[in-house]
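Residue-level listing of the chains:
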Amino acid sequence: MKRTDALRGTVTQVAVVAAAAALVLTGCARDGTAGPPAAPAQARDLTYTEDLRIGDAQQRLIRTCMARQGFRYREDRTLTREESRPLGYVQDDVAWARAHGYGSRIRAKEERARLHNPNGAYRAALPAARKAAYDTALDGGRTAELLRTEEPGGGTVAKRSGGCTGAAEKELYGDPATWFRLDTTASNLRPLYVGKLLHDGRFTTAVHAWSRCMERAGHAYPDPDAARQATRDHPAGQDRAAEARTYATETRIAVADATCARTVSLRSVGRAREAYYLGRLPKTYRATLDAYRQRRLAALRSAERIVPPRA
């Protein structure tokens with residue numbers, strides 16, 4: 001639903017290295033952990049459940065703001081906390097893999113929710129004049145402030161900030177322009193070092209060990225991404241029986257993947273090597289990343305006063 005997508009603003013970005021998008025080794029740590037220990041003066045990364053709570057708080061703030069302006073807005077609670085767990089390059093939770101494979105059914109659930117978004121249906125039923133008022137209330141419409149900042153690898157990105165969406169973001173993160181700069185920089189650091197990481201000797205040794213483990217389990221793949229992509233190579237529009245067979249195969253491979261990743265400590269090796277390269281970025285980027293984490297922790301404290309944890 002196009003207007004709902006405007007929640008996140010209109011952002012124009014240069015292309016990012018594909019591998020960087022998949023290689024989430026630090027970032028949101030698994031539930032209940034804070035990732036590798038940081039220096040005392042630095043903030044930590046959030047867990048994915050903490051990240052989810054901030055998103056839920058932003059949705060609650062938007063709903064409250066829209067109601068004050070006479071509009072209905074439905075908060076998005078499509079996925080459970082467990083279903084919302086992000087899949088990085090390394091997935092070593094065997095129980096999660098056994099329950100969800102690589103998340104194909106979760107993605108299908110998300111897609112169904114997107115196609116039947118109640119906010120889109122609500123907006124579509126409004127008279128033309130009210131549609132325009134709804135858009136302005138939600139994200140500021142065409143009069144919203146245009147924020148611009150530079151990406152670490154070069155290029156300018158922009159997004160509009162206004163309406164209830166902008167107000168919610170401001171309440172959680174503070175000054176919109178400052179937050180946009182911090183978020184853009186922190187979210188686009190991987191292309192600066194991912195090539196080195198993918199060819200790092202300690203990391204590639206661990207990946208090779210993972211691959212040998214997978215081959216012994218009957219699944220010959222060179223790396224976790226190849227294993228995952230292989231499960232997505234199936235005909236579209238499968239009937240129920242075919243989908244069940246495809247899902248069973250996906251689950252078997254995902255369980256073997258997670259088991260081997262845990263056996264060879266692939267996640268801990270990857271995190272350690274990523275921390276190594278992050279620590280060698282220019283000082284200005286490291287300072288920005290620390291400021292970004294501090295803002296996120298402050299947003300979490302606000303979110304905890306607004307919404308409970310997702311079930």
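In case you missed it, the structure is sitting above this.
Enquirer: Give me the lowdown on the pairing of strand β2 (residues 156–161), citing residues and values where you can.
Expert: Consecutive residues of a regular strand have side chains that alternate between opposite faces of the sheet. Of the pairings in the sheet, the one linking strand β1 (residues 145–150) to β2 comprises 6 bridges and is antiparallel in character. Bridge assignment links L147 to a residue of β2, and that residue is K159. Connecting β1 to the next strand, β2, in antiparallel fashion are 5 residues, including G154 with a positive phi near 105°.

Enquirer: I'd like a description of the packing of helix α9 (residues 176–187) against helix α15 (residues 283–306), backed by residues and values.
Expert: One can describe the packing of α9 onto α15 by two numbers: an axis separation of 9 Å at closest approach and a directional angle of 120°. The two elements α9 and α15 meet at a crossing, and its hand is left-handed. Residues T178, W179, R181, L182, D183, T185 and A186 of α9 lie in contact with α15, whose contacting residues are Y285, T288, L289, A291, Y292, R295 and R296. Class assignment of the residues belonging to the contact of α9 with α15 gives a composition of 7 nonpolar, 3 polar and 4 charged.

Enquirer: Pulling in residues and values, what's your account of the state of the cysteines?
Expert: Scanning the entire structure with this criterion turns up 2 disulfides. Between the sulfur atoms of C65 and its disulfide partner C164 the distance amounts to 2.1 Å. Taking the sign of the S-S torsion, -75° for the link of C65 and C164, the bridge is left-handed. Placement of C65 in helix α3 (residues 48–68) and of C164 in helix α8 (residues 163–173) is noted, with a sequence separation of 99 residues between them. Exposure remark for C65: the relative accessible area of 11% places this residue in the buried category. With a sulfur-sulfur separation of 2.1 Å, C213 is cross-linked through a disulfide to C260. Negative torsions about the S-S bond denote left-handed disulfides, and the value of about -80° found for C213 with C260 makes this one left-handed. Of this pair, C213 sits in helix α11 (residues 201–216) while C260 sits in helix α13 (residues 240–263); the two residues are 47 residues apart in sequence, bridging distant segments of the chain.

Reading the values: rules and limits
Throughout, a residue's number is its position along its own chain's written sequence, starting from 1. Only residues with pLDDT of 70 or above have their local features reported here, since the model is predicted, and side-chain atom pairs are shown and tallied only from 80 upward, although totals for entire chains, interfaces and linings are computed over all residues. Only hydrogens and water are set aside when side-chain values are computed; all heavy atoms of the structure are taken into account. The criterion for strand pairing is that DSSP finds at least two bridges linking the strands in question. Only DSSP runs of H or I covering at least 4 residues are called helices, and only runs of E covering at least 2 are called strands; the numbering of each starts at the N terminus. To obtain an axis, a line is fitted to C-alpha atoms, over the contacting stretch when the element is a helix, and the angle between two such axes runs from 0 to 180 degrees between their N-to-C directions. Each crossing is labelled by how the near helix is turned from the far one, with a counterclockwise turn of less than a right angle marking it left-handed and a clockwise turn marking it right-handed. What makes two residues a contact is simply this: any of their non-hydrogen atoms within 4.5 Å. Three classes are used, and their members are as follows: Ala, Val, Leu, Ile, Met, Phe, Trp, Tyr, Cys and Pro are nonpolar, Asp, Glu, Lys and Arg are charged, and the others, Gly among them, are polar. For the purposes of this analysis, a disulfide is any pair of cysteine sulfur atoms at a distance within 2.5 Å. Accessibility here uses a 1.4 Å probe with only protein chains present; expressed as a share of the type maximum, an area under 20% marks a residue as buried, one over 50% as exposed, and anything in between as partly exposed.

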